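Below are the chains, spelled out letter by letter.
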Amino acid sequence: MSKVPDHEKYTKICPGGGLILAWQLKDKKVLLVGGGNVAAGRLINVKDADGHLTVMCPSSGLCTEMKYRINVEKSVDQYIDKSYEGPEDIAGYDLVLTAIDDATTSRTICQIARSLKIPVNVADVPPECDFYFGSLIRRGPLQIMVSTGGKGPRIAATTRSLIERALPVSIGSAIEKVGILRAKLREKVPEPNKGARRMRWMIDVCDAWSFDELASLTPEEMDKILSGWEAGKVYKPRDVRGISVIRSFIPSKDSLYKSLFGTCPVVGYVSPWLAGIGGAALGVGATLAVIALRTKYSSAR
Ligand SMILES: C[C@@]1(CC(=O)O)c2cc3[nH]c(cc4nc(cc5[nH]c(cc(n2)[C@H]1CCC(=O)O)[C@@](C)(CC(=O)O)[C@@H]5CCC(=O)O)C(CC(=O)O)=C4CCC(=O)O)c(CCC(=O)O)c3CC(=O)O
Ligand SMILES: NC(=O)C1=CN([C@@H]2O[C@H](COP(=O)(O)OP(=O)(O)OC[C@H]3O[C@@H](n4cnc5c(N)ncnc54)[C@H](O)[C@@H]3O)[C@@H](O)[C@H]2O)C=CC1
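Residues numbered from 1 in each chain as written. Chains lettered and ligands numbered in written order. Predicted model: local features only at pLDDT ≥ 70, side-chain atom pairs only at ≥ 80, totals over all residues. Heavy atoms only, no water.

- The chain is annotated in an unreviewed UniProt entry as precorrin-2 dehydrogenase from Meira miltonrushii.
- According to its UniProt record, the chain has this under Pathway (unreviewed entry): "Porphyrin-containing compound metabolism; siroheme biosynthesis; sirohydrochlorin from precorrin-2: step 1/1."
- According to the UniProt record, the Catalytic activity (unreviewed entry) comment for the chain is "precorrin-2 + NAD(+) = sirohydrochlorin + NADH + 2 H(+)". (UniProt positions renumbered as here; feature names shortened; annotations may be inferred.)

Notes on the overall build of the chain
- What the chain contains, in helices and strands, is 13 helices and seven strands.
- When burial is assessed residue by residue, the chain has 31% of its 301 residues classed as buried.
- Sequence separation of at least 24 residues holds for 55% of the intrachain contacts in the chain that already meet a minimum separation of 6.
- A total accessible area of about 19,500 Å² is found for the chain, and carbon and sulfur atoms account for 60% of it. (Helix = DSSP H or I, 4+ residues; strand = E, 2+ residues; numbered from the N terminus. Buried < 20%, exposed > 50% of the residue type's maximum accessible area, 1.4 Å probe, protein only. Contact = heavy atoms within 4.5 Å. Areas by Shrake-Rupley, 256 points an atom, 1.4 Å probe, with all protein chains shown as cover.)

Some thoughts on a nonpolar patch on the surface
- Taken together, the side chains of Ile-20, Leu-136 and Met-145 present a nonpolar region at the surface, about 260 Å² in accessible area.
- Within the fold, Ile-20 resides in the loop between helix H1 (6-9) and strand E1 (29-33). (Patch = residues over 30% accessible without salt bridge, like charges linked within 9 Å, V, L, I, M, F, W, Y side chains within 5 Å. Salt bridge = Lys/Arg side-chain N within 4 Å of Asp/Glu carboxyl O.)

Some words on the site of ligand 2
- Surveying the vicinity of ligand 2 reveals 18 residues, the closest of which are Gly-35, Val-38, Gly-61, Tyr-84 and Asp-124.
- The separation between an oxygen atom of ligand 2 and a polar side-chain atom of Asp-101 is 3.4 Å.
- Among the residues forming the shell around ligand 2, the class breakdown is nine nonpolar, seven polar and two charged. (Near = heavy atom within 4 Å. Polar contact = N/O pair within 3.5 Å; in protein donor to acceptor, adjacent residues only side chain to side chain. Nonpolar A, V, L, I, M, F, W, Y, C, P; charged D, E, K, R; others polar.)

Overview of the site of ligand 1
- Taken together, 18 residues form the shell around ligand 1, and within it Phe-133, Ser-135, Thr-148, Arg-154 and Arg-160 come nearest.
- Here a nitrogen atom of ligand 1 sits 3.1 Å away from a polar atom, N or O, in the side chain of Asp-124.
- One of the side-chain N or O atoms of Arg-154 is found 2.7 Å from an oxygen atom in ligand 1.
- For ligand 1, the accessible surface in isolation is 1,100 Å², of which the surrounding protein chains cover 60%.
- For the shell around ligand 1, the leading source of residues is helix H5 (residues 153-166), giving four residues.

A short note on the domain arrangement of the chain
- What the domain assignment lists for the chain is domain 1 (29-133), domain 2 (134-167) and domain 3 (171-249).
- Computed over C-alpha atoms, the centres of domain 1 and domain 2 are 23 Å apart.
- At the junction of the two partners, domain 1 supplies four residues and domain 2 supplies six residues.
- Buried area between domain 1 and domain 2, both sides added, is near 390 Å², and the carbon and sulfur share of it is 50%.
- Ranking the residues of domain 1 by area buried against domain 2 places Asp-48, Tyr-132 and Phe-133 at the top, with a combined share of 84%.
- Linking domain 1 to domain 2 there are zero salt bridges. (Domains from an automatic or database assignment. Buried area = accessible area lost by both parts, 1.4 Å probe.)

Thoughts on the pairing of strand E7 (residues 142-146)
- Burial along E7 is one-sided: Leu-142, Ile-144 and Val-146 are buried, while Gln-143 and Met-145, pointing the other way, are not.
- The pairing of strand E6 (residues 135-139) with E7 spans five bridges and is classified as antiparallel. Paired with Ser-135 across the two strands is Val-146, which belongs to E7.
- In this antiparallel pair of consecutive strands, E6 and E7, the connection spans two residues, and Gly-140 shows a positive phi of 60°. (Pairing = 2+ DSSP bridges.)

Some details on the pattern of salt bridges
- Under the definition given, this model contains 13 salt bridges.
- Two residues, Arg-200 and Asp-204, come together in a salt bridge whose shortest N-O distance is 2.8 Å. On the criterion of helical spacing, the pair formed by Arg-200 and Asp-204 is a turn pair, its members being four residues apart in helix H7 (residues 195-208).
- Several salt bridges converge on common partners, so that one network encompasses Glu-65, Arg-69 and Glu-73.

What about the state of the cysteines?
- The tally for this structure, following the rule as stated, stands at zero disulfides.
- Here Cys-110 stays unpaired: no disulfide links it, and the sulfur of Cys-129, its closest cysteine neighbor, is 7.8 Å away.
- Residue Cys-110 is classed as buried on the basis of its relative accessible area of 3%. (Disulfide = S-S within 2.5 Å.)

Thoughts on the UniProt feature "domain: Siroheme synthase central" (unreviewed entry) in the chain
- The positions UniProt marks with the feature "domain: Siroheme synthase central" (unreviewed entry) are residues 139-165.
- Structurally, residues 139-165 is divided into 48% helix and 22% strand, and its ends, taken at the C-alpha atoms, are 12 Å apart.

Section: unusual backbone geometry
- With a phi angle near 65°, Asp-27 is a residue other than glycine that sits in the positive phi range.
- Within the fold, Asp-27 resides in the loop between H1 and E1.
- Of note, the phi angle at Asp-124 is positive, near 70°, even though the residue is not glycine.
- The topology assignment puts Asp-124 in the loop between strand E5 (120-122) and E6.
- Among the residues examined, Asp-124 registers a relative accessible area of 75% and is labelled exposed.

Here you go:
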């Protein structure tokens, strides 16, 4: 019997990347220095992660989006109407971000933050970043970040759009529903020593149900699935919903959307359906144009 060598058995280590994490910023104090468009982008990153955000920037420098966020939406927790002045402006924060058009001040802020052991990102200055931002996708609880390790930010953005087009429409709702089902399971089976069995059961449920099917789960259907736990049974969609001949002929919302508007998830070209409809429309248009021109010229002669 051939034995797999150890170096093939285990995941290969590829140094040179960054540590990609989902940093839990809730209630952490974040300082954002600057009020231009780049700062407005950082604001979304921080508030999407429930961070407690302080923006420091003279009001004369705020871009229109930043003014809206501060004055109308009120999504900024604290606004300080002044330029950065010194170390006392930074002390006490958990994270410092700068997006200012002043390289010298940015460098100073970076040095002080590092001396205080506060992680810092200076927009677009890699040596002054303890971490990089990435190109992001958000679908409810799902977050995807594309990083090129600073090599090609534009490529990160194009890769992000490729991934976006490949994602099932129902993926966010499917994850929400799985979250509810997992919480119900933890309530029903709270014992720590049941962890391994709980995890195996959840894996089997997630694998047995498609994203569309999970996304449309009702509370009653969840209870029915959970009722299989004691017997070690994983109810599949047909056990819970029955086999419907009509249902099997109706395309799911996801497949309908994808075939009409989607793109091939592998190579990213427009779907054959859309190309077909578009082609037919172009053909009809061109034929009508030729008929109209011929009519015009033959009546002119
Ligand atoms: C290292 C990093 C540090 C950081 O800022 O965190 C950094 C650094 C630099 N960016 C530069 C330029 C551009 N940045 C973008 C766009 C984005 N840049 C982002 C992140 C990062 N940028 C981090 C690494 C990300 C990674 O791993 O790839 C994104 C992903 C996230 C975000 O910023 O929120 C966001 C896309 C968001 C989206 O659309 O989804 C575009 C394209 C565009 O605007 O369309 C251009 C012009 C094209 C080009 O230059 O390639 C320059 C050169 C400045 C100069 O030449 O003067 C530097 C400095 C350098 O490379 O030395
Ligand atoms: N990621 C990207 O795609 C891009 C990144 N950048 C980088 O990000 C930086 C900011 O870009 P933008 O927002 O477009 O610049 P911007 O010029 O529109 O805004 C700069 C902001 O910084 C504020 N500011 C300047 N000095 C300050 C200080 N000492 N304290 C507090 N606030 C101060 C200004 O009032 C203004 O609100 C640029 O200098 C550049 O390095 C720039 C363009 C694109």
